[in-house]
Amino acid sequence: MTRFGIHSTTQLEGFAGDAQEAAIARTQRIRHRALGVAFTLVALVYAVRLADLQILESEAHRARQVAQSAEWESLPAVRGRILDRHGRVLAAPDTRYQAFLAVNELRVDRAEAIETVAAVVPVAPERRSAIAEASGGWSLVASDVSDEERVRLQRTIGQGIYFESRSAREYPRSVGRRLIGAVASDGRGGTGLEADLDLWLVGEPGRAEVRLDGHRNAYRPPGGQVIDPVPGHDVVLTLDAELQRIAENELARALAKTGASGGDIVLVDPRTGEILALASERTDGAVDQISGLSDPYEPGSTLKPFLLASLLSEGVVDLDEIVDVEDGRLRIGSRVISDVYGYDTLSVRRVISKSSNVGAAKLSTRLTPAVQHRYLRDFGFGMRTQLEYLSESPGRLSRPESWTSLSPASLAMGYEISATSLQLALAYGAIANGGVLMRPSLVREIRDPFGRLVRRFDPIPVRRVISEEVAEAVRGVLEEVVRDGTGTLASMAQFAVAGKTGTARLAVNGRYAPGRHRASFVGFAPADDPRLVILTRLEDPQGEVYYGGAIAAPTSQATLKAALAADGVQVDPRLVVSDARPRPWSGGGAAGTPEGAVIFASSGTGAPGTDDVTNMSGRGVVALPDLAGLSARAAAARLHALGLRVEWRGQGSVAGQSPAPGSELLRGETVVLR
């Protein structure tokens, strides 16, 4: 220090440096503490937020994450079955698969993988090319893969092949396909009963929870939610599968033999209205249309029994009353009505059995147009049958106000009116069952997947059309023709099926085409206690033989014979007697066959003649087939279809036959089976 007590300059500079360093140090300490506090606060905030996320908001965030990555995979329901009245399967579910190759996951060369698949299922050329050029992902290699094929491919290829299931449909008996229809590509009903019954058959699809990973690949998480699908219901039809097969086979045979462009065979239970078989065929390729329901036609002489029923119900005729039929020719205004045969007089019953157009026209004048129309309407003509399923036509029956002076006579002969085959069969059913028109049914029951009854469809009467007494009288008239001019045959015959034939001219573009006709037969059996109505219609048959009695009635007879011979068909054996045949007409060849009532009688009641309607084109020669191993009933059915008689001397199945297979026999000869 100086004497004045002041430091030297050097000393002062030293003191100043220490103070500055101390200040800097204090500032740094303050900053460090502030930063520490700040970091601590930030850490606390993060810790609090983390705790909030993991504890308080964890469920909400987990739900958000699941929502972003979770999806639902649809699980298709098993479609219900369609069964016949005896529980035989007509349509059933059949799971099929699409096969995909993940080319980047394969452990073998992709060309080798393709050939491995092709050895099991067909692989289209375009799919081979697509897989060869694929750079990754899944490539479709095959469709319609069965479950057995899927297992085989999975075992053979292993890694790199994947399958996606889809619902398919199997029709094991291949009968009634027009009626049953088909399933569309989406698994829903597409056509026929598959479409109309879809709400019962389709079931309820389920779903399974899946998650998506970062690459959007789906997987099912452990414990993921699964809602099982509910299978569809089973539908039990009124059809008999074996009767349906027989009807389809006999119709196809008749079309091939006659050259007809189409036709129907309908089998109905007259007591319930249940449709037992409905075979329809058209040569125009319209496979999704059922002509027996959708194609109305003029029924011709098969409509005459309803004229008789109307006349008897109104009490304006007596069956034995004599009618002047004008020698088979009657002029009404500018129109001439004629019969095949010219009779002077006929009783009312013979007007129907001889199918006299003149007699029917004259008798129709005893009904007012309103009454004639009412009875036809009550029998179900001119309106839909209320089948509920499938598309059907109401036919045509004009109101009396629009009739001309010729309309009553035309309607009496089965013209100026159109009806479907089902309408006509049901109308005959009303005569057969005692006078009650029944509502037709195709569905008998609905059952759940466990076989429990859900709904039963009981028979529904529509209305009483005629009294039981009138119905019995009309049935008697249809039976009496067997006694027409052949007393010996009548006294010995055992009757089985009564009915009426019809041959109507075919209209083309609003005009009747020359030489074109429609042949039909409608009948019921047994004649004294009807349990079955059968209708056969053949549209536009080719050749000289085109009458209903010549081609439609024998087809009906063959259908009933085959039904009796078939295994598992419960048909009353009284329906057809052994070796039945249509009765021979009293005179006339093919061109002059009357369109009367037909009764199938035992062939043992008289010798076959050249006028037998089943042999109008000559007896013919047939080659005897090999019947070894067939059941007796099946062998008899085949021989009957060939026009041969059968003598059975064995037990069980056929072990031998005489003459030997390949022998040429005349129709009507006997084959011995052992």
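In short, a report on the structure. The structure presented is a predicted model; accordingly, all values stated were derived computationally and were not measured.

1. Regarding the overall build of the protein
Consideration 1: Summing up its helical and strand segments, the protein has 20 helices and 31 strands in all.
Consideration 2: By the burial criterion, 48% of the 674 residues in the protein qualify as buried.
Consideration 3: Summarising the internal contacts of the protein: among those between residues at least 6 apart in sequence, 70% fall at separations of at least 24.
Consideration 4: Of the roughly 32300 Å² of accessible surface on the protein, 50% is carried by carbon and sulfur atoms.

2. Some details on the pattern of salt bridges
Pairing is possible between side chains that carry opposite charge, provided their charged atoms lie close to one another.
Consideration 1: What the rule picks out here adds up to 30 salt bridges.
Consideration 2: The closest approach of N and O atoms between Asp 198 and Arg 188, which form a salt bridge, is 2.6 Å. Of the two residues, Asp 198 is situated in helix 8 (residues 198-201) and Arg 188 in the loop between helix 6 (177-180) and helix 7 (192-196); the sequence distance between them amounts to ten residues.
Consideration 3: For Asp 198, a relative accessible area of 7% gives the class buried.
Consideration 4: Glu 274 serves as the salt-bridge partner of Arg 444, at 3.2 Å between the closest nitrogen and oxygen. With Arg 444 in strand 19 (residues 443-447) and Glu 274 in the loop between strand 10 (262-268) and strand 11 (275-282), this pair connects stretches of sequence that are 170 residues apart.

3. Some remarks on the packing of aromatic side chains
Consideration 1: According to the stated counting rule, one finds five aromatic pairs in the structure shown.
Consideration 2: Centre to centre, the rings of Phe 306 and Phe 381 are 5.4 Å apart; their planes meet at 75°, and the pair counts as edge-to-face. With Phe 306 in helix 11 (residues 304-314) and Phe 381 in the loop between helix 14 (369-378) and strand 16 (396-397), this pair connects stretches of sequence that are 75 residues apart.
Consideration 3: Residue Phe 306 is classed as buried on the basis of its relative accessible area, which comes to 1%.
Consideration 4: Clustering of aromatic rings is evident, with ring pairs tying together Phe 306, Phe 379, Phe 381 and Tyr 428.
Consideration 5: Over the aromatic face of Tyr 97 sits the side chain of Arg 150, whose NZ or CZ is 5.0 Å from the ring centroid.
Consideration 6: The ring of Tyr 375 carries the charged tip of Arg 374 above its face, separated from the ring centre by 4.8 Å.

4. Quick look at the environment of Leu 665
Consideration 1: Examined against the element boundaries, Leu 665 turns out to sit in strand 30 (residues 664-666).
Consideration 2: It is 9.9 Å that separates the C-alpha atoms of Leu 665 and Leu 642, two residues lying 23 residues apart in sequence.

5. Some thoughts on the pairing of strand 23 (residues 511-525)
Consideration 1: Here strand 22 (residues 497-508) runs beside strand 23; their pairing, made up of ten bridges, is antiparallel. Residue pairing in the sheet places Val 508 in a bridge with Arg 511 of strand 23.
Consideration 2: Linking strand 22 back to strand 23 in an antiparallel pair, the connection comprises two residues, with Asn 509 at a positive phi of about 55°.
Consideration 3: Taken together, the eight bridges between strand 23 and strand 24 (residues 532-539) define a ladder with antiparallel strand orientation. If you follow Phe 524 over to strand 24, its bridge partner there is Val 533.
Consideration 4: Here strand 23 folds back onto strand 24 in antiparallel fashion, the turn holding six residues.

6. Focus: the side chain of His 517
Consideration 1: Of note, His 517 is situated in strand 23.
Consideration 2: Leaving out residues up to four positions away in the same chain, His 517 has contacts with Thr 503, Ala 504, Arg 505, Leu 506, Leu 538, Glu 539, Asp 540, Pro 541 and Tyr 546.

7. Examining the pairing of strand 9 (residues 234-237)
Consideration 1: Judged by which residues are buried, strand 9 turns out to be covered on both faces: Asp 234 and Val 236 on one side and Val 235 and Leu 237 on the other are all buried.
Consideration 2: Of the strand pairs in this sheet, strand 2 (residues 82-83) and strand 9 are connected by two bridges, and their pairing is parallel. From the neighbouring strand, Ile 82 faces strand 9, where its bridge partner is Val 235.
Consideration 3: The pairing of strand 9 with strand 19 spans four bridges and is classified as antiparallel. Paired with Val 235 across the strands is Ile 446, a residue of strand 19.

8. Concerning the packing of helix 3 (residues 110-118) against helix 5 (residues 147-157)
Consideration 1: Following both chains from N to C, one finds helix 3 and helix 5 inclined at 150°, their axes separated by 10 Å at the closest point. Between helix 3 and helix 5, the angle falls in the class roughly antiparallel. Considering the relative orientation of helix 3 and helix 5, their crossing is right-handed. On the side of helix 3, the interface is formed by Ala 113, Thr 116 and Val 117, while helix 5 contributes Leu 153, Thr 156 and Ile 157.
Consideration 2: Looking at the contact of helix 3 with helix 5 residue by residue, the class counts come to four nonpolar, two polar and no charged.

9. What about the sheet that holds strand 28 (residues 645-648)?
Hydrogen bonds between backbone atoms are what pair the strands of a sheet, whose relative direction is either parallel or antiparallel.
Consideration 1: The strand order 28-31-29 describes an open sheet built from three strands, whose pairing is mixed. The strands lining the two open edges of the sheet, one partner per strand, are strand 28 and strand 29 (657-658).
Consideration 2: Alignment of strand 29 against strand 31 (residues 670-673), held across two bridges, turns out to be antiparallel. Bridging across to strand 31, Ser 658 finds its partner in Val 672.

10. Looking at unusual backbone geometry
Consideration 1: Here the bond from Ala 525 into Pro 526 is cis, since omega is -15°, no more than 30 degrees from zero.
Consideration 2: If you trace the backbone, Pro 526 turns up in the loop between strand 23 and strand 24.
Consideration 3: The residue Ser 355 is not glycine, and still its phi comes out positive at about 55°.
Consideration 4: Topologically, Ser 355 is positioned in the loop between helix 12 (348-353) and helix 13 (357-364).

11. Digging into the nonpolar core
Consideration 1: Among the nonpolar cores identified, the biggest contains 88 residues, and Leu 237, Phe 306, Phe 379 and Phe 381 are the most heavily contacted of them.
Consideration 2: Those residues in contact with Phe 381, other than ones at most four positions away along the chain, are Leu 303, Phe 306, Leu 376, Leu 397, Ile 417, Ala 419, Leu 424 and Ala 427.
Consideration 3: Membership of the second largest hydrophobic core comes to 28 residues, among which are Ala 247, Val 497, Ala 550 and Leu 560.

Parameters and conventions
Counting restarts for each chain, with residues numbered from 1 along the sequence as it is written. In view of the model being predicted, local features appear only for residues whose pLDDT reaches at least 70, and side-chain atom pairs are presented and counted only at 80 or more, with totals across whole chains, interfaces and linings using the full set of residues. To get the side-chain values, take all heavy atoms of the structure and skip hydrogens and water. We count a stretch as a helix when DSSP gives it H or I for four or more residues in a row; a strand needs E for two or more, and each element gets its number in order from the N terminus. Throughout, exposure labels follow a simple rule: accessible area from a 1.4 Å probe, protein chains only, divided by the maximum for the residue type, with under 20% read as buried, over 50% as exposed, and the rest as partly exposed. Whether two residues touch is decided by their heavy atoms; if any such pair falls within 4.5 Å, the residues are in contact. All accessible areas in this document rest on Shrake-Rupley with a 1.4 Å probe, and a residue is counted as covered only by the protein chains that are shown. By convention in these notes, a salt bridge is any Lys or Arg side-chain nitrogen within 4 Å of a carboxyl oxygen on Asp or Glu. Pairs were defined over the aromatic rings of Phe, Tyr and Trp, the Trp ring being its six-membered one, requiring ring centres within 6.5 Å. Orientation was assigned from the angle between planes: stacked under 30 degrees, edge-to-face over 60, tilted for the rest. Ring-over charges, as used throughout, are those where CZ of Arg or NZ of Lys falls within 6 Å of the ring centre and within 35 degrees of the ring normal. By this definition, two strands are paired if DSSP reports at least two bridges between them. Think of each axis as a best-fit line through the C-alpha atoms, taken over the contacting stretch in the case of a helix, with angles from 0 to 180 degrees between the N-to-C directions. Note that the term roughly parallel is reserved for angles under 35 degrees, roughly antiparallel for angles over 145, roughly perpendicular for angles of 65 to 115, and oblique for everything else. The hand of a helix crossing depends on one turn: near helix anticlockwise from the far one by less than a right angle means left-handed, and clockwise means right-handed. Each residue gets one label: Ala, Val, Leu, Ile, Met, Phe, Trp, Tyr, Cys and Pro are nonpolar, Asp, Glu, Lys and Arg are charged, and the others, such as Gly, are polar. Buried Ala, Val, Leu, Ile, Met, Phe, Trp, Tyr and Cys residues form a nonpolar core when they are joined through side-chain atoms within 4.5 Å.

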